[in-house]
Amino acid sequence: MNASRIALVTGANQGLGRALVEGLAARMGAGDLVLLTGRDARRVAEAAAEVARLPTTRSQVQGRVLDVTDTDAIDRLAGELHQQYGGVDVVISNAVARVLPDESQSERADEFIDVSNTATHAILRSFGPVLRPGGRLLVVASSLGTLGHLDARLHPLFDGASLGQVEYAVESWRSAVHSRTSEEAGWPRWLNVPSKVAQVAAVRAVTAERRARDLADGTLIASVCPGMVDTATSRPWFSDFSQAQSPAEAARAVLDLVFAEGVDPALYGELVRFGKPLPWHDGAPLVEQDRMLRP
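I will try to describe carefully the structure that is included in this document.

Reading the values: rules and limits
Residues numbered from 1 in each chain as written. Predicted model: local features only at pLDDT ≥ 70, side-chain atom pairs only at ≥ 80, totals over all residues. Heavy atoms only, no water. Buried < 20%, exposed > 50% of the residue type's maximum accessible area, 1.4 Å probe, protein only. Helix = DSSP H or I, 4+ residues; strand = E, 2+ residues; numbered from the N terminus. Pairing = 2+ DSSP bridges. Right-handed = clockwise from strand over helix to strand, strands pointing away. Axes fitted to C-alpha atoms, helices over the stretch in contact; angles between N-to-C directions. Contact = heavy atoms within 4.5 Å. Parallel < 35°, antiparallel > 145°, perpendicular 65-115°, else oblique. Left-handed = near helix turned anticlockwise from the far one by under 90°. Nonpolar A, V, L, I, M, F, W, Y, C, P; charged D, E, K, R; others polar. Salt bridge = Lys/Arg side-chain N within 4 Å of Asp/Glu carboxyl O. Phe/Tyr/Trp six-rings, centres within 6.5 Å; stacked < 30°, edge-to-face > 60°.

**Some thoughts on the pairing of strand 4 (residues 88-93)**
Each regular strand shows side chains that alternate between the opposite faces of the sheet. Counted residue by residue, strand 4 has six buried out of six residues, so it is predominantly covered. The pairing of strand 4 with strand 5 (residues 131-140) spans five bridges and is parallel. Paired with I92 across the bridge in strand 5 is L138. One crossover worth recording links strand 4 to the parallel strand 5 by way of helix 4 (residues 109-127), and it is right-handed.

Shown next as structure tokens:
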């Protein structure tokens, strides 16, 4: 990537997003700029100032207010960065809505889907075209994003789908949740599973159209699984955190993907965990988790 590189991380006030910003700021150069984004202006400004003061920070760090549920705001920011800098070099889509196990999944569905899926679609549509040659666009998902975690009836909605078809599937799922027909149609009660599958499917859809061009100029677009991370979002869902990573530890493998020389074709468009692609069709429905959740 060229000098004066521009990097952007969404959902970056805390947890993994904050660790990704800190890692980018430490590994990029003095002429580069890392943009830390979130929707609370005060928290964004404080987080950016704290990262800028770290002794490991080498690049410039700025905070930008961005509500990822506002797709027009995503598009405006992409346009501004393209106009001001000629594009961006690194985009990491990391925003997620926190949902607790004792909360109703259907009552939280709109916010969760808007933050995790509608925003992912908008980032791919708006930032894909302004990603500079040799750039990196990574969507933080999880190993739950493999197709096998869904009921087989739902596989055709996502397997080989275009981005528009993925968007349609997500909105069909949303409607089914609200009409109380989602379980009858095979959708899992746990919002996280179809959301992650849809994120990975969206990345696969976009990369299917631009694979040859991106590989030719060293550009990488992929979804990434950072592994289990000990954060406020994940802690309520797991009883055993003995194997969990700190946000800083989890950020390393993602950042290694950002700063790797060239692009491994086996990783392009795939769900990548610790530098290895996860098979798209792997996984099995998580029945036990659904039994524990409120519909």
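Right, picking up where we left off after that structure.
**Quick notes on the sheet that holds strand 7 (residues 271-273)**
What the eight strands build is an open sheet, ordered 3-2-1-4-5-6-7-8; its pairing is mixed. Edge positions in the sheet fall to strand 3 (60-65) and strand 8 (276-278), since each has one partner strand and no second. Going from strand to strand, the sheet's axes swing by 25° on average, the running direction of each strand aside. Two strands pair when backbone bridges link them, and strand 5 and strand 6 (residues 220-225) are joined in this way by five bridges, in the parallel orientation. Bridge pairing in strand 6 places R136 opposite L220. In the packing of helix 4 onto the sheet, the strands contacted are strand 1 (6-9), strand 4, strand 5 and strand 6, and the crossing angle to strand 5 comes to about 180°.

**Here we look at the packing of helix 3 (residues 71-85) against helix 4**
Orientation of helix 3 relative to helix 4, taken along the N-to-C sense of each, is 25°, at an axis distance of 9 Å. In terms of orientation, helix 3 and helix 4 fall into the roughly parallel class. You can see that helix 3 and helix 4 cross each other, and the crossing is right-handed. For the pair helix 3 and helix 4, the contacting residues are T71, I74, D75, L77, A78 and L81 in the first and T118, A119, A122, I123, S126 and F127 in the second. Of the residues assigned to the contact of helix 3 with helix 4, the class counts are eight nonpolar, three polar and one charged.

**Digging into the pattern of salt bridges**
Applying the stated criterion across every chain yields a total of 18 salt bridges. R125 serves as the salt-bridge partner of E167, at 2.5 Å between the closest nitrogen and oxygen. Taken together, the residues span a long stretch of sequence, with E167 in helix 6 (residues 163-178) and R125 in helix 4 at a distance of 42 residues. By relative accessible area, which is 23% here, E167 ends up partly exposed. In this structure, E270 and R204 form a salt bridge, with 3.1 Å as the shortest nitrogen-oxygen distance. Taken as a pair, E270 in the loop between helix 9 (247-259) and strand 7 and R204 in helix 8 (residues 192-217) lie far apart in primary sequence, 66 residues in all. Here the salt bridges do not stand alone but share partners, grouping R39, D67, E103, R108 and E111 into one network.

**A look at the environment of P279**
Here P279 shows up in the loop between strand 8 and helix 10 (287-291). Here P279 falls in the partly exposed class, since its relative accessible area comes to 44%. Each C-alpha atom of the pair P279 and T146 lies 7.1 Å from the other, and the pair is 133 residues apart in sequence.

**Some details on the packing of aromatic side chains**
Inspection of the entire model under this criterion finds two aromatic pairs. Between F158 and W187, the aromatic rings sit 6.2 Å apart at their centres with planes inclined by 85°, giving edge-to-face as the arrangement. Taken together, the residues F158 in helix 5 (residues 155-158) and W187 in the loop between helix 7 (182-185) and helix 8 connect sequence positions 29 residues apart. On the accessibility criterion, F158 (3% relative accessible area) is buried. W187 sits in the buried class, given a relative accessible area of 5%. Here a set of aromatic residues connected by ring pairs shows up, and it is made of F158, W173 and W187.

From the geometry alone we can't say anything about function, so treat these as descriptive.
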